[in-house]
Amino acid sequence: MPVKLKRLHILLRRMGGAMVALPVTLTLVLLCVTLYALNGLLLPVLEAAASSQAVNLMTQAIDTAVDNCLQENGMDYADFVTIETDSAGKVTSITSNTAANSRFKRQVVEAVVRQLEALDGDALRVPLGTLTGQPLLSGTGPRVRVKVDSVGEVVADYANSFTAAGVNQTLHRVCLEVTATVYLFLPGEILPVSVSSNVCVAETVIVGETPDTYLRLEKGDSRYGD
């Protein structure tokens, strides 16, 4: 084969390879652009749906942890608060049982952490149809699994409330405010989700006046994750 023809043959062969590679390259670029656009559209919907499911599961976990701790310790109002009266039956002081309250808070925080760490990954699944944003497709199709990556800070603190419960009667409620954070593993990101739950742990009706100057109730918090 003459040298010129050989060179022409090589040139044509190279051009043929380039012509084949060009459509493949364009297809890959188009696919990447499409996936990027879909990710930008679907990720916010996935975040919202996953956060909503996580909040529901976390709230249930907190309530379960508090209930379990109450049952395990057999605690009632008298374990949290001591009411003192004078000889006439008038309330002279309402005082938190600090040691018992602090111990209970720590137990609740530890129980909440265990409950959150044991969250069922199968329960955190978002239907693919939901991600389309179309009402008719919501809840349908294969489910995208969302994994709980880790448990963040868990904080518990007491809150006391006094409300009128009748003539010269006051309803005193002791509540435990629990705030927790978990981190969800989503495609391409870690999403923090926080929830606060206020659970009543004890209550009673106090007959007589309950002057604020005699209230010495629990303050401060217990926390996990510092």
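As a reminder, the structure under discussion sits directly above these lines.
A short tour of the structure in this document, coming up.

The rules we used
- Residues numbered from 1 in each chain as written.
- Predicted model: local features only at pLDDT ≥ 70, side-chain atom pairs only at ≥ 80, totals over all residues.
- Heavy atoms only, no water.
- Core = buried A, V, L, I, M, F, W, Y, C linked by side-chain atoms within 4.5 Å.
- Buried < 20%, exposed > 50% of the residue type's maximum accessible area, 1.4 Å probe, protein only.
- Helix = DSSP H or I, 4+ residues; strand = E, 2+ residues; numbered from the N terminus.
- Contact = heavy atoms within 4.5 Å.
- Salt bridge = Lys/Arg side-chain N within 4 Å of Asp/Glu carboxyl O.
- Expected span 1.5 Å × (residues − 1).
- Pairing = 2+ DSSP bridges.
- Polar contact = N/O pair within 3.5 Å; in protein donor to acceptor, adjacent residues only side chain to side chain.
- Phe/Tyr/Trp six-rings, centres within 6.5 Å; stacked < 30°, edge-to-face > 60°.

Focus: the nonpolar core
Phase 1 of the analysis: With 45 residues, the main nonpolar core has Met58, Phe80, Phe104, Leu116, Val154 and Leu184 as its most contacted residues.
Phase 2 of the analysis: Those elements that place two or more of their residues in this core are helix H1 (3-73), helix H2 (77-80), strand E2 (91-96), helix H3 (98-117), strand E5 (147-166), strand E6 (169-186) and strand E7 (189-207).
Phase 3 of the analysis: Examining the composition of this core, we find that 11 residues originate from one element, H1, more than from any other.
Phase 4 of the analysis: Each residue touching Phe104, except ones within four places of it in the same chain, is listed here: Val66, Cys69, Leu70, Asn73, Met75, Phe80, Tyr158, Leu176 and Val201.

Considerations on the environment of Val178
Phase 1 of the analysis: Within the secondary structure, Val178 sits in strand E6.
Phase 2 of the analysis: Judged by relative accessible area, which is 1%, Val178 ranks as buried.
Phase 3 of the analysis: Not counting the four nearest positions on each side in its chain, Val178 is found in contact with Ile62, Val108, Val112, Val154, Val155, Ala156, Val195, Ser196 and Ser197.

Side note on the pattern of salt bridges
Phase 1 of the analysis: Using the criterion set out here, one finds one salt bridge in the structure.
Phase 2 of the analysis: Residue Glu203 pairs with Arg173 through a salt bridge whose shortest N-O separation is 3.1 Å. In this pair, Glu203 sits in strand E7 while Arg173 sits in strand E6, placing the two residues 30 residues apart along the sequence.
Phase 3 of the analysis: Residue Glu203 is classed as partly exposed on the basis of its relative accessible area, which comes to 44%.

Some thoughts on H3
Phase 1 of the analysis: With 20 residues, H3 should reach 28 Å at 1.5 Å per residue; the first-to-last C-alpha distance of 29 Å fits that figure.
Phase 2 of the analysis: What H3 keeps buried is the set Ala100, Asn101, Phe104, Lys105, Val108, Val109, Ala111, Val112, Val113 and Leu116.

Comments concerning the pairing of E5
Phase 1 of the analysis: Pairing between E5 and E6: 16 bridges, direction antiparallel. Directly across from Val148, in E6, lies its bridge partner Leu184.
Phase 2 of the analysis: Counted between consecutive antiparallel strands, the loop separating E5 from E6 contains two residues, among which Asn168 sits at a positive phi close to 55°.

Quick word on the side chain of Thr181
Phase 1 of the analysis: By the secondary structure assignment, Thr181 is in strand E6.
Phase 2 of the analysis: A relative accessible area of 13% places Thr181 in the buried class.
Phase 3 of the analysis: A distance of 2.7 Å separates polar atoms of two side chains, one belonging to Thr181 and the other to Ser194.

Quick word on the packing of aromatic side chains
Phase 1 of the analysis: In this structure the tally under the stated criterion is two aromatic pairs.
Phase 2 of the analysis: Between Phe80 and Phe104 the ring centres are 5.3 Å apart and the planes differ by 90°, which places this aromatic pair in the edge-to-face class. Taken together, the residues Phe80 in helix H2 and Phe104 in helix H3 connect sequence positions 24 residues apart.
Phase 3 of the analysis: Using a relative accessible area of 1% as the deciding quantity, one classes Phe104 as buried.
Phase 4 of the analysis: Ring centres 6.3 Å apart and planes at 70° place the aromatic pair Phe80 and Tyr158 in the edge-to-face group. In this pair, Phe80 sits in helix H2 while Tyr158 sits in strand E5, placing the two residues 78 residues apart along the sequence.

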